[in-house]
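# Structure assessment
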Amino acid sequence: MKYENLDQMILNRLGSEPKPFCDIFTGDVLKECEELSIHKYEGFRVLDRRLQALRKKGLIVNISSSKGWVKL
């Protein structure tokens, strides 16, 4: 699957404490998102779509827009 590596990187970043989007969108996750993005500098859209996909699979949940994401 095209996004397996990115999904695993995202899951590795998350734990039981909420992590905001900006803390996830750094380092290797940022680089992978930029490589997967269609338009230059729109990697944040790739990350947003993958977070929503992982949420729909029941692997993560967003506590609130100000607190961030946690792994279930």
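Residues numbered from 1 in each chain as written. Predicted model: local features only at pLDDT ≥ 70, side-chain atom pairs only at ≥ 80, totals over all residues. Heavy atoms only, no water.

## Notes on the side chain of aspartate 7
Mapped onto the elements of the fold, aspartate 7 is located in helix 1 (residues 4–13). According to the relative accessible area criterion, aspartate 7 is buried, its value standing at 7%. There is a polar contact of 2.7 Å between the side chain of aspartate 7 and the side chain of arginine 50. Each residue touching aspartate 7, except ones within four places of it in the same chain, is listed here: Met1, Arg50, Leu54 and Lys57. (Helix = DSSP H or I, 4+ residues; strand = E, 2+ residues; numbered from the N terminus. Buried < 20%, exposed > 50% of the residue type's maximum accessible area, 1.4 Å probe, protein only. Polar contact = N/O pair within 3.5 Å; in protein donor to acceptor, adjacent residues only side chain to side chain. Contact = heavy atoms within 4.5 Å.)

## Some points on the nonpolar core
Within the largest apolar cluster, 17 residues are counted, with the highest numbers of intra-cluster contacts made by Leu6 and Leu47. Listed by contribution, the elements that provide at least two residues to this core are helix 1, helix 3 (27–36) and helix 4 (43–56). (Core = buried A, V, L, I, M, F, W, Y, C linked by side-chain atoms within 4.5 Å.)

## Brief notes about the packing of helix 1 against helix 3
It is the contact of helix 1 with helix 3, at a shortest axis distance of 10 Å, that shows an interaxial angle of 155°. As the angle between them shows, helix 1 and helix 3 are arranged roughly antiparallel. Note on packing geometry: the crossing formed by helix 1 with helix 3 is left-handed. Along the contact surface, helix 1 presents Asn5, Leu6, Met9 and Arg13, while helix 3 presents Gly27, Asp28, Val29, Glu32, Cys33 and Leu36. Its residues assigned to classes, the contact of helix 1 with helix 3 comprises five nonpolar, two polar and three charged. (Axes fitted to C-alpha atoms, helices over the stretch in contact; angles between N-to-C directions. Parallel < 35°, antiparallel > 145°, perpendicular 65-115°, else oblique. Left-handed = near helix turned anticlockwise from the far one by under 90°. Nonpolar A, V, L, I, M, F, W, Y, C, P; charged D, E, K, R; others polar.)

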